[in-house]
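Letter by letter, the chains look like this.
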There are 2 protein chains.
Amino acid sequence: MVNYPHHFIRKQSKLSQVSKTINFANRGMSFEAAINATNNYYLSQKIAVIHKKPTPIQIVRVDYPRRSRAKIVEAYFRQASTTDYSGVYKGYYIDFEAKETRHKTSIPMKNFHAHQIKHMSQVLDQKGICFVLLHFSTLRETYLLPASHLIHFYRIDNGGKSMPLDYIKKNGYQVNVSAFPQVPYLDIIDKNILGGD
Amino acid sequence: MVNYPHHFIRKQSKLSQVSKTINFANRGMSFEAAINATNNYYLSQKIAVIHKKPTPIQIVRVDYPRRSRAKIVEAYFRQASTTDYSGVYKGYYIDFEAKETRHKTSIPMKNFHAHQIKHMSQVLDQKGICFVLLHFSTLRETYLLPASHLIHFYRIDNGGKSMPLDYIKKNGYQVNVSAFPQVPYLDIIDKNILGGD
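None of these values were measured; they are calculated from a predicted model.

Reading the values: the criteria
Residues numbered from 1 in each chain as written. Chains lettered and ligands numbered in written order. Predicted model: local features only at pLDDT ≥ 70, side-chain atom pairs only at ≥ 80, totals over all residues. Heavy atoms only, no water. Helix = DSSP H or I, 4+ residues; strand = E, 2+ residues; numbered from the N terminus. Least-squares fit on C-alpha atoms with pLDDT ≥ 70 in both. Axes fitted to C-alpha atoms, helices over the stretch in contact; angles between N-to-C directions. Parallel < 35°, antiparallel > 145°, perpendicular 65-115°, else oblique. Left-handed = near helix turned anticlockwise from the far one by under 90°. Contact = heavy atoms within 4.5 Å. Nonpolar A, V, L, I, M, F, W, Y, C, P; charged D, E, K, R; others polar. Buried area = accessible area lost by both parts, 1.4 Å probe. Salt bridge = Lys/Arg side-chain N within 4 Å of Asp/Glu carboxyl O. UniProt positions renumbered as here; feature names shortened; annotations may be inferred. Polar contact = N/O pair within 3.5 Å; in protein donor to acceptor, adjacent residues only side chain to side chain. Core = buried A, V, L, I, M, F, W, Y, C linked by side-chain atoms within 4.5 Å. Buried < 20%, exposed > 50% of the residue type's maximum accessible area, 1.4 Å probe, protein only. Expected span 1.5 Å × (residues − 1).

Enquirer: Residues and numbers for unusual backbone geometry, please.
Expert: Of note, Lys127(A) is a non-glycine position whose phi angle comes to about 65 degrees, a positive value. Of note, Lys127(A) is situated in the loop between α3 (114-125) and β7 (129-136). Even without glycine at this site, Lys46(B) takes up a positive phi of about 55 degrees. As for its placement among the helices and strands, Lys46(B) is situated in the loop between α2 (31-44) and β1 (49-52).

Here it is in structure tokens:
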């Protein structure tokens, strides 16, 4: 029998008591950080290889100071032409965008750009698995909405409207955020996209 | 019958005479530009959705000048932790790196970093299609080498050696570069990877 020091046991039991209610939101973690942590978990556990793409930047001027590495001294952010996350899961191509809103009943469609919608449509044409993860921070609820339903809604008036939470609930799936991994979206893919439904 | 103006017919026939020998190399196009052009072709023809990832950059300082957009004034290049290209083709996850060398009999393995090799190995574990495109600019020959063979060679002495062209020829496939698309690597995937062989 292993003789655990008393304080270790106390810590352990405290942790297990609260573990069901800990999630990234009440730990002050941003939604993006929670997704990155989830992807790191998937990678380390050999479950999936999914990365966030680097932010696209237009480099204008680079200095080469003596005895040091190249220094970018003028550059600008460019708008992404694809989604933020992509990778491979059991041979399937995975592609998604993540958005957070404080609104309680809908998410403004201005969160999605025309070229991102086009990219999602192109991915679906190639039989990729494509979706958005939507986090309602005030409600502390997270949903996975298949890209087909996002595209459908976007095309009603070219992204002018807000997408109601009811529409998301009807066509998407709630992700049960947890302590570890924080945003287990592949559970939804397994159950509802690959496994049929 | 359509009545083509005379000069148009002349142009057409001149073009078809030389089209078999035009390729990106003798047009002064870089290998990377040729791959990007190929990916644009695949995208526009709805053949595949494959993009080059943005260059990863470490942003240190951003200025917000009045009445203009955010300006990055201090940033540095970071080493890529994955490969440069990824996307989806007929539902398959595609992932590759492209390298060019002026050497005639081998390519230095220092072109590939340890974390890129690790990434390729992770992608293969997830049943992604992963490879490198190697362009021997002096020879004007381009090869597709499946990642498994690159990883195998890299592990002999942790990337210290140069990989001989003979090894690449034995374990890879020559890509017949052409006028359009410039580097039709998906032909190789179709024939030799998906089609069995």
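Enquirer: How would you sum up the relation of the copies chain B and chain A? Please name residues and give values.
Expert: Turning chain B through 180 degrees and shifting it by 0.0 Å along the axis lays it on chain A, with an RMSD of 0.0 Å. Look at the turn and shift together and you get a two-fold axis relating the two.

Enquirer: If you had to explain the packing of helix α3 (residues 114-125) of chain B against helix α4 (residues 147-156) of chain B to someone new, which residues and values would you point to?
Expert: All names here are of chain B. Look at α3 against α4: their axes get within 10 Å of each other, and the N-to-C directions meet at 135 degrees. By the angle between their axes, α3 is oblique relative to α4. The hand of the α3/α4 crossing is left-handed. On α4, the residues that touch Ala114, Ile117, Met120, Ser121 and Leu124 of α3 are Ala147, Ser148, Leu150, Ile151, Tyr154 and Arg155. Considered class by class, the residues forming the contact of α3 with α4 number eight nonpolar, two polar and one charged.

Enquirer: Break down the interface of chain B and chain A for me, with residues and values.
Expert: In this complex, chain B contributes 38 residues to the contact, which on the side of chain A involves 38 residues. Taken together, the two surfaces of chain B and chain A that pack against each other cover about 3100 Å², and 65% of this comes from carbon and sulfur. On the chain B side of the interface with chain A, the three residues burying the most area are Ile72(B), Phe77(B) and Gln126(B), jointly 21% of the side's total. The tally of links between chain B and chain A comes to zero salt bridges.

Enquirer: I'd love a proper account of the UniProt feature "binding site: Mg(2+)" (unreviewed entry) in chain A, names of residues and values included.
Expert: Residue and element names in this part refer to chain A. Listed under "binding site: Mg(2+)" (unreviewed entry) in the UniProt record, and renumbered for this structure, are Thr82, Asp84, Glu97 and Gln116. For the residues just named, distributed over 35 residues, the greatest C-alpha separation is only 9.5 Å, placing them together at one site. Checked against the element boundaries, Asp84 lands in the loop between β3 (71-77) and β4 (85-89). Those residues in contact with Asp84 that sit more than four places away from it in its chain are His51, Lys52, Lys53, Phe96 and Glu97. Note that Gln116 resides in helix α3. The residues touching Gln116, leaving out its near neighbours within four places in the chain, are Ala80, Thr82, Thr83, Glu97 and Asn111. Looking at Gln116, its side chain comes within polar contact range of the side chain of Glu97, at 3.4 Å.

Enquirer: Hey, could you go over the nonpolar core for me, with residue numbers and the actual values?
Expert: Leu134(A), Leu150(A), Met163(A), Leu134(B), Leu150(B) and Met163(B) are the most contacted members of the largest nonpolar core, which has 48 residues in total. Excluding its chain neighbours within four sequence positions, the residues that come into contact with Met163(B) are Thr105(B), Ser106(B), Ile107(B), Met109(B), Leu134(B), Leu145(B), Leu150(B), Phe153(B) and Ile168(B). In terms of nonpolar packing, the next biggest core, distinct from the first, is built from 23 residues, Phe31(A), Ala34(A), Ile35(A) and Ile129(A) among them.

Enquirer: So, α3(B): which residues are in play, and what are the values?
Expert: Compared with the 16 Å implied by 1.5 Å per residue over 12 residues, the 17 Å span of α3(B) between its first and last C-alpha is a close match. Among all positions of α3(B), only Gln116(B), Ile117(B), His119(B), Met120(B), Ser121(B), Gln122(B) and Val123(B) are buried. Summarising the contacts, the buried residues of α3(B) are in contact with α2 (31-44), β1 (49-52) and β4 of chain A together with β5 (92-101), β7 (129-136) and α4 of chain B. Just downstream of α3(B) lies Lys127(B), where phi reads positive at about 65 degrees.

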